[in-house]
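Each chain, letter by letter, is given below.
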Amino acid sequence: MRRRLVSEGGRPWTADAAMPEESRDSAGVRVRLDRMVEEFADLDAREKLELLVDFANGLPALPAEYEARKAVEDRRVHECQTPVFLWPEMIPAGGARLVADVAPEAPTVKGFVAVLAEAVAGRPVGEAATLPDDILERMGLVEVLGMMRTGGLRSIVARVRRGFAELARSQA
Amino acid sequence: MPEYAQPDILVSTEWVAEHLTDPRVRIVESDEDRALYVQGHVPGAVEIDWQTDLQDPLQRDYIDRAAFERLCAERGIAKDTTVVFYGDKSNWWACYAFWVFKLYGHADCRIMNGGRKRWGLDGRPWSTERVTHPRTTYAATEQDGSIRALRDEVLRHQKAGRQLLDVRSPEEYRGERMHMPDYPNEGAVRGGHVPGAVNVPWPMNCNDDGTFRSAKELEKLYIRELKMKRRSPTIAYCRIGERSSLTWFVLRYLLGFGNVKNYDGSWLEWGNAVRMPIVRGPEPHGTSAATRAASDACATPPVHA
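This text gives an overview of the structure that appears in the document. (Residues numbered from 1 in each chain as written. Chains lettered and ligands numbered in written order. Predicted model: local features only at pLDDT ≥ 70, side-chain atom pairs only at ≥ 80, totals over all residues. Heavy atoms only, no water.)

**Concerning the sheet that holds strand β5 (residues 109-112) of chain B**
Backbone hydrogen bonds are what pair the strands of a sheet, in a parallel or an antiparallel way. All names here are of chain B. Strand order in the open sheet formed by 5 strands is β1-β5-β4-β2-β3, with parallel pairing between adjacent strands. Both outer strands of the open sheet, β1 (10-11) and β3 (46-47), are each paired with one neighbouring strand and no more. Of the pairings in the sheet, the one linking strand β2 (residues 25-29) to strand β4 (residues 82-86) comprises 5 bridges and is parallel in character. Bridge pairing in β4 places Ile27 opposite Val84. Across the sheet, helix α4 (residues 92-103) is in contact with β4 and β5; its angle to β5 comes to roughly 175°. (Pairing = 2+ DSSP bridges. Helix = DSSP H or I, 4+ residues; strand = E, 2+ residues; numbered from the N terminus. Contact = heavy atoms within 4.5 Å. Axes fitted to C-alpha atoms, helices over the stretch in contact; angles between N-to-C directions.)

**Side note on the nonpolar core**
The biggest cluster of nonpolar side chains holds 62 residues, and the ones touching the most others in it are Phe85, Phe212, Tyr222 and Phe249 of chain B. When residues of this core are traced back to their parent elements, those giving at least two are α3 (65-74), β4, α4, β5, α8 (215-225) and α9 (243-254) of chain B. Those residues in contact with Phe85 of chain B that sit more than four places away from it in its chain are Val28, Ala94, Ala97, Phe98, Phe101, Cys109, Arg110, Ile111 and Met112 of chain B. Ranked by size, the runner-up nonpolar core spans 47 residues in total, among them Leu52, Leu59, Ala96 and Phe112 of chain A. (Core = buried A, V, L, I, M, F, W, Y, C linked by side-chain atoms within 4.5 Å. Buried < 20%, exposed > 50% of the residue type's maximum accessible area, 1.4 Å probe, protein only.)

**Quick word on helix α2 (residues 29-41) of chain A**
Residue and element names in this part refer to chain A. With 13 residues, α2 should reach 18 Å at 1.5 Å per residue; the first-to-last C-alpha distance of 18 Å fits that figure. Listed in full, the buried residues belonging to α2 are Val29, Arg32, Leu33, Met36, Val37, Glu39 and Phe40. All buried residues of α2 lie within an arc of 155° about the axis, which places them on one face of the element. (Expected span 1.5 Å × (residues − 1). Arc of directions from axis to C-beta.)

**Some points on the interface of chain B and chain A**
Opposite the 26 residues of chain B that make contact, chain A presents 28 residues. Carbon and sulfur atoms make up 51% of the surface buried where chain B meets chain A, a total of about 2,300 Å² over both sides. Put simply, chain B and chain A have 3 salt bridges between them. The closest approach of N and O atoms between Arg130 of chain B and Glu50 of chain A, which form a salt bridge, is 3.5 Å. Taken together, the links from chain B to chain A amount to 8 residue pairs in polar contact (both at pLDDT 80 or more). (Buried area = accessible area lost by both parts, 1.4 Å probe. Salt bridge = Lys/Arg side-chain N within 4 Å of Asp/Glu carboxyl O. Polar contact = N/O pair within 3.5 Å; in protein donor to acceptor, adjacent residues only side chain to side chain.)

**Focus: unusual backbone geometry**
Residues and elements named next belong to chain B. Of note, Lys89 is a non-glycine position whose phi angle comes to about 50°, a positive value. Note on placement: Lys89 falls in the loop between β4 and α4. Located in the positive-phi region is Asn91, a residue other than glycine, with phi close to 70°. By the element assignment, Asn91 lies in the loop between β4 and α4. Take Asn91: its relative accessible area is 0%, and that puts it in the buried class.

**Quick word on the pairing of strand β8 (residues 234-237) of chain B**
Residue and element names in this part refer to chain B. In β8, alternate side chains face the same way, and those of Thr234 and Ala236 on one face and Ile235 and Tyr237 on the other are all buried. Examined bridge by bridge, strand β6 (residues 163-166) and β8 share 4 bridges and lie parallel to one another. Bridged to Asp166 within β8 is Tyr237. Examined bridge by bridge, β8 and strand β9 (residues 260-262) share 3 bridges and lie parallel to one another. Across the sheet, residue Thr234 finds its bridge partner in β9, namely Val260. After leaving β8, the chain enters α9 and then returns to the sheet as β9, a path that is right-handed. (Right-handed = clockwise from strand over helix to strand, strands pointing away.)

**Re the sheet that holds β6 of chain B**
Taken in spatial order, the 4 strands line up as β7-β6-β8-β9 (chain B) in an open sheet, and their pairing is parallel. Only two strands of the sheet have a single neighbouring strand rather than two, namely β7 (198-199) and β9 of chain B.

Written as structure tokens, this is what we have:
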């Protein structure tokens, strides 16, 4: 298995100047997802969870300026038992960025959000709004996590997609 | 100073640390988030997952007796093993796994008080090794119906006005938290609670460090304030039966209730089934159906568009 080499606590968010590596990747959302699906596909259950933990470790810590916004904005995904806050955004250069805060006691959710963040980073928001519904199936995570847990993850995909779709509409 | 009814049912992290390699003891982790076990577990602990290990993949039920026997054999658990459960979230899922083990008659089950949180706070080591133990043979008993309530029994229990606890959050109990967009699989069609059920949210059983509250505090809550009787038949429910297995554990083992059952079908069954009595609001007997119909007719806009 290819372990993802990221430091504990993840990459720092860089404002706009230096984009994270995946934002400079010219591949589209689908191609990036295909690559990540391939990473998961042949792993056994334990390895899949280990890879999710690697992704979780790569999710950047929430920038300080977002911390205060948690209390006043409707950013929480209420369908999730654990606190999950999502900001689907458009950076000034025009690309998509998913800023997220997931409680450390939910590494599965955190890892999955990191997958989504990597898939959309720097892509046009209209394209970020086309995140497909079958990511969990294709990664083989449904069997590993069970139906009750995947419900929360699906609602995260829906929430992210909706957020980017709104941004795309406001841009048009 | 009152003691727990069965103080030995709880073991400390220190006790576990001293028994990590004891062949008579098996440590079992059960979590809401399975990746926590992968991140690090008590050395030598095996994982038993409430969903993928303990639930039947097809029928909405627990695994059958043969599957339970296979599970124990694979995890190196024998009939006379002392099984110590622990996990995240103040041991919700640990209590759930404990309850399923009791359902199949495993004699010696314990809970590590404080679970993952207390283990970490005590500065004890985490391991990421892949754990295997020598296979056993295991013969389970038939399911013990004395700790599991099914829907019809809950209905009779409710009609008889017996002790019924709803351990969900007050918002769920009052029937307010219902709107679940993009979430077709897990919701209940109707919100509210079983008429007569008293709301005692599960966190009231626990301290911030994940341990159970003292016998004195638990007695004050359940016996003195809620006037519950240890001898009266009692049923606890939540949304899917996990939080209520923690309350079941508290009532049965820490307070010594003689007859307490977990309704594992819980609100996910009750709130979806046809003709089940439901009330809303903060009181056990809630708002009556007639009053509710009248107020619903006047209400604009509708609560759930």
